[in-house]
Amino acid sequence: MTSPSDAPDGANGNGVAGRYYGRAIPYLPIEGYPGKLIAIEGTDGVGRTTQIQLLREWLEVRGYGVVETGWTRSPLMQPTIELAKSSNTLNKLTFVLLYATDFADRLEKEIIPALKAGFVVLTDRYIFTALARAGVRGIDRQWLRNLYGFAIAPHLVFYFSIDVKSLIGRVLQSRGMDFWESGMDLKHGDDIYDSFKTYQQKLLREYASMADEFHFRVVDARRPVDRIQDELRRQVSAFLEPSEKPAETITAH
Amino acid sequence: MTFSLLHATDFADRLLYKIIPPLKAGMIVLADRYAYTAFARDATRGVDRQWVRELYSFAVRPDLSLYFRVPIDVSVDRLLARRVKLKFYESGMDLGWSANPVESFRLFQGKVLDEYDEIVREFSLEVVDARPSITEQQRVVRALVAKHVSTSHVEILDDESV
């Protein structure tokens, strides 16, 4: 129960890739782990999942071990989060903590062991989604950053950037607008289209404001799937190859 | 870490639904365990002390916090005398310090008590010696509470543990 302002700056990794952002998990030292953490960030419906699938296949053909993880996919927390979403009784602070619990579980059980074993970990969304969503909902930014101090700074963060107009087109063409992705809990009004637009605009602003702080590599998500994939592959191989040459040099297209 | 956050989530839910509304209504809230339990327990499990304190910075600071201090031997004797089965996590069995539940409890809770001593200093908790009789302790508790409130109505809202 200290206020964030009187807390000393707890950052020990200072955003260095592969280190904890802030106050570490003392019983899990991670220095020198051979694995690499690659985060694909971006708002709902921007095409992250498709790109991760393609990237995974390509990396595996080249002989890298790949592990995938994604937001709210922890076996421990997923049922609880789904339940909480369906009942609509949870306060936003409680939601933030539920997400953080899910993330901690995946970090301890999936991400850290995989990094230790030398895998390339592809994460579909990372803490930035949590920071953006909570930021839009008015949760104290410094408190959030302290909370997620136990997160590991990824080696690469790809941020899929898009404008709201293009996003609306994509989402309507695919699966339609959903209650949470439209921020209907924020009570911007009953119209899902208007709410989606307002909410996603705010989210995009939050993401954009984090770009420098967290070293985002901005990827224009409005381009065709192959073009985006080419760019990802170029950047990923430029990063991975100096530390470990691929086992298989044929590029799969 | 996950364990710590799971408790914090539960705490946030109870804080927002069961603690803050009655406080706003001017009622007295008695909390059986509070964030300090988390500070002691999580630190003993190896979570960064400062991180847990920052995590709980959304908690309301109590007007009065009582810490019932008891030596570890008394605590073990009391629990065993009631023939309760020591709980897995309460005994810190997850930490693998000892395969014997009583021994593990002693080791784990011993460290928890050390953490509490630190917390008592840091957050100025009022220490109540928990060795004397219940009546004796109640006298002390009443004296401490009387310094803070003058009321004839106390409502027990939540007796779950943190």
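The written sequence of each chain sets the order in which its residues are numbered from 1. Each chain takes a letter, starting from A, and each ligand takes a number, starting from 1, following the order in which they are written. The predicted nature of this model means local features are confined to residues of pLDDT at least 70 and side-chain atom pairs, given and counted, to a pLDDT of 80 or more, with totals for whole chains, interfaces and linings taken over all residues.

## Points about the overall build of chain B
Inference 1: Each helix is a run of DSSP H or I of at least 4 residues and each strand a run of E of at least 2, with the numbering of both proceeding from the N terminus. For chain B, the count of helices and strands is 6 helices and 4 strands.
Inference 2: Shown N-terminal to C-terminal, the secondary structure of chain B runs as helices and strands in the order α-β-α-α-β-α-α-β-α-β.
Inference 3: Our radius of gyration looks at C-alpha atoms and nothing else; its globule reference is 2.2 Å times the residue count to the power 0.38. Over its C-alpha atoms chain B spans a radius of gyration of 17 Å, differing by no more than 12% from the 15 Å that the globule rule assigns to 162 residues.
Inference 4: The dimensions of chain B, computed from C-alpha atoms along their principal axes, are 50 × 35 × 30 Å.
Inference 5: Residues counted as buried form 25% of the 162 residues belonging to chain B. Note on burial: count the other C-beta atoms lying within 10 Å of the residue's C-beta; 20 or more is buried, 12 or fewer is exposed, in between is partly exposed, and C-beta positions come from the backbone.

## Overview of the overall build of chain A
Inference 1: Of the regular secondary structure elements, chain A holds 8 helices and 5 strands.
Inference 2: Taken over the C-alpha trace, chain A has a radius of gyration of 18 Å; the compact-globule value for 253 residues is 18 Å, and the two agree within 12%.
Inference 3: Reported as C-alpha extents along the three principal axes, the dimensions of chain A are approximately 55 × 45 × 35 Å.
Inference 4: A burial count over chain A gives 40% of its 253 residues as buried.
Inference 5: For chain A, restricting intrachain contacts to residue pairs at least 6 apart in sequence, the fraction spanning at least 24 positions comes to 79%. It is the C-beta atoms, placed from the backbone, that decide contacts: two residues are in contact if theirs lie within 7 Å.

## What to know about the environment of Lys18 of chain B
All names here are of chain B.
Inference 1: Within the fold, Lys18 resides in helix H1 (residues 2-24).
Inference 2: Lys18 gets classed as partly exposed once you count the C-beta atoms within 10 Å, which come to 14.
Inference 3: As a C-alpha pair, Lys18 and Val29 span 11 residues in sequence and 8.8 Å in three-dimensional space.

## Quick word on helix H1 (residues 48-61) of chain A
All names here are of chain A.
Inference 1: With 14 residues, H1 ought to run about 20 Å at 1.5 Å a step, and its terminal C-alpha atoms sit 20 Å apart, in line with that.
Inference 2: The inward-facing, buried residues of H1 abut strand E1 (36-42), strand E2 (66-70), strand E3 (120-124), strand E4 (156-161) and helix H8 (225-240).
Inference 3: Within two residues after H1, Gly63 carries a phi angle of roughly 95 degrees, on the positive side. One less than the number of residues in a helix, times 1.5 Å, gives the span that helix is expected to have.

## A closer look at the sheet that holds E4 of chain A
Residues and elements named next belong to chain A.
Inference 1: Note: two strands are recorded as paired if DSSP finds a minimum of 2 bridges between them. Across the sheet, which stays open at both edges, the 5 strands sit in the order E2-E3-E1-E4-E5 with parallel pairing between neighbours. With partners counted over all chains shown, the strands left at the sheet margins are E2 and strand E5 (216-220), one partner each. Strand-to-strand twist of the sheet, defined as the mean angle between neighbouring strand axes without regard to direction, takes the value 20 degrees.
Inference 2: In the sheet, E2 pairs with E3 via 5 bridges, with the strands oriented parallel. Helix axes are fitted only over the stretch in contact, all axes being lines through C-alpha atoms; the angle between N-to-C directions runs from 0 to 180 degrees.

## Focus: the interface of chain B and chain A
Inference 1: The interface is formed by 22 residues belonging to chain B together with 26 residues belonging to chain A.
Inference 2: Contributing elements (two or more residues each) for the side of chain B that touches chain A: H1 and helix H3 (49-55) of chain B.
Inference 3: Charged residues are taken to be Asp, Glu, Lys and Arg, nonpolar residues to be Ala, Val, Leu, Ile, Met, Phe, Trp, Tyr, Cys and Pro, and polar residues to be all remaining types, Gly included. Its residues assigned to classes, the side of chain B that touches chain A shows 12 nonpolar, 5 polar and 5 charged.

## Things to note about the packing of helix H2 (residues 35-44) of chain B against helix H5 (residues 101-123) of chain B
Residues and elements named next belong to chain B.
Inference 1: Look at H2 against H5: their axes get within 8 Å of each other, and the N-to-C directions meet at 130 degrees. One way to sum up the angle between H2 and H5 is to call them oblique. Where H2 crosses over H5, the handedness of that crossing is right-handed. On the side of H2, the interface is formed by Tyr36, Phe39, Ala40, Arg41, Ala43 and Thr44, while H5 contributes Phe108, Lys111, Val112, Glu115, Tyr116, Ile119 and Phe123.
Inference 2: Of the residues assigned to the contact of H2 with H5, the class counts are 9 nonpolar, 1 polar and 3 charged. Small angles under 35 degrees read as roughly parallel and large ones over 145 as roughly antiparallel, with 65 to 115 read as roughly perpendicular and the rest as oblique. A crossing counts as left-handed when the near helix is turned anticlockwise from the far one by less than a right angle, and as right-handed when that turn is clockwise.

## Structural notes on the nonpolar core
Residues and elements named next belong to chain A.
Inference 1: We define the nonpolar core as any set of buried residues of the types Ala, Val, Leu, Ile, Met, Phe, Trp, Tyr and Cys, connected via C-beta atoms lying within 7 Å of each other. Counting 92 residues, the largest nonpolar core has Ala100, Val121, Tyr148 and Phe150 as the members making the most contacts within it.
Inference 2: The element contributing the most residues to this core is helix H3 (residues 92-116), with 14 residues.
Inference 3: Those residues in contact with Val121 that lie beyond four places of it in its chain are Gly35, Lys36, Leu37, Ile38, Val67, Thr69, Ile111, Ala114 and Leu115.

## Some points on the pairing of E3 of chain A
Two faces, one strand: in a regular strand the side chains alternate between the faces of the sheet.
Residues and elements named next belong to chain A.
Inference 1: Across the 5 residues of E3, 4 count as buried, placing the element largely inside the fold.
Inference 2: Here E1 runs beside E3; their pairing, made up of 5 bridges, is parallel. Considered in E3, the bridge of Lys36 is made with Val120.

## Observations concerning the packing of H1 of chain B against H2 of chain B
Residue and element names in this part refer to chain B.
Inference 1: It is at 11 Å that the axes of H1 and H2 come closest, and there the two elements cross at 175 degrees. Compared by their axis directions, H1 and H2 come out roughly antiparallel. Residues Ser4, His7, Ala8 and Phe11 of H1 lie in contact with H2, whose contacting residues are Ala35, Ala38 and Asp42.

## A short note on unusual backbone geometry
With the exception of glycine, the majority of residues adopt a negative phi angle, and the majority of peptide bonds are in the trans configuration.
Inference 1: Even without glycine at this site, Lys187 of chain A takes up a positive phi of about 55 degrees.
Inference 2: As for its position among the elements, Lys187 of chain A is in the loop between helix H6 (164-173) and helix H7 (192-210).
Inference 3: With a phi angle near 50 degrees, Ser124 of chain B is a residue other than glycine that sits in the positive phi range.

## Describing the environment of Ser65 of chain B
All names here are of chain B.
Inference 1: Within the secondary structure, Ser65 is located in the loop between H3 and strand E2 (66-69).
Inference 2: Using a count of 17 C-beta atoms within 10 Å as the deciding quantity, one classes Ser65 as partly exposed.
Inference 3: Through-space distance from the C-alpha of Ser65 to that of Leu144 is 9.8 Å; in sequence the pair is 79 residues apart.
Inference 4: Beyond its immediate sequence surroundings of up to four residues, Ser65 is in contact with Tyr34, Tyr36, Phe123, Leu125 and Glu126.

## Brief notes about the confidence of the model for chain A
Inference 1: What pLDDT expresses is the predictor's confidence in each residue, scored from 0 to 100. Chain-level pLDDT for chain A is 87 on average; 90% of the residues reach the 70-or-more range.
Inference 2: Here helix H2 (residues 78-87) of chain A stands out as the element of chain A with the lowest mean pLDDT, 73, in contrast to E4 of chain A, whose mean of 97 is the highest.

## Thoughts on the environment of Asp105 of chain A
Inference 1: Among the structural elements, Asp105 of chain A can be located in helix H3.
Inference 2: In this structure Asp105 of chain A comes out as buried when scored by C-beta crowding, with 21 C-beta atoms within 10 Å.
Inference 3: Considering only alpha carbons, one finds Asp105 of chain A and Glu82 of chain A, 23 residues apart in sequence, at a separation of 16 Å.
Inference 4: Ignoring any residue separated from it by four or fewer positions in sequence, one finds Asp105 of chain A in contact with Ser74, Leu76 and Met77 of chain A together with Thr2 of chain B.

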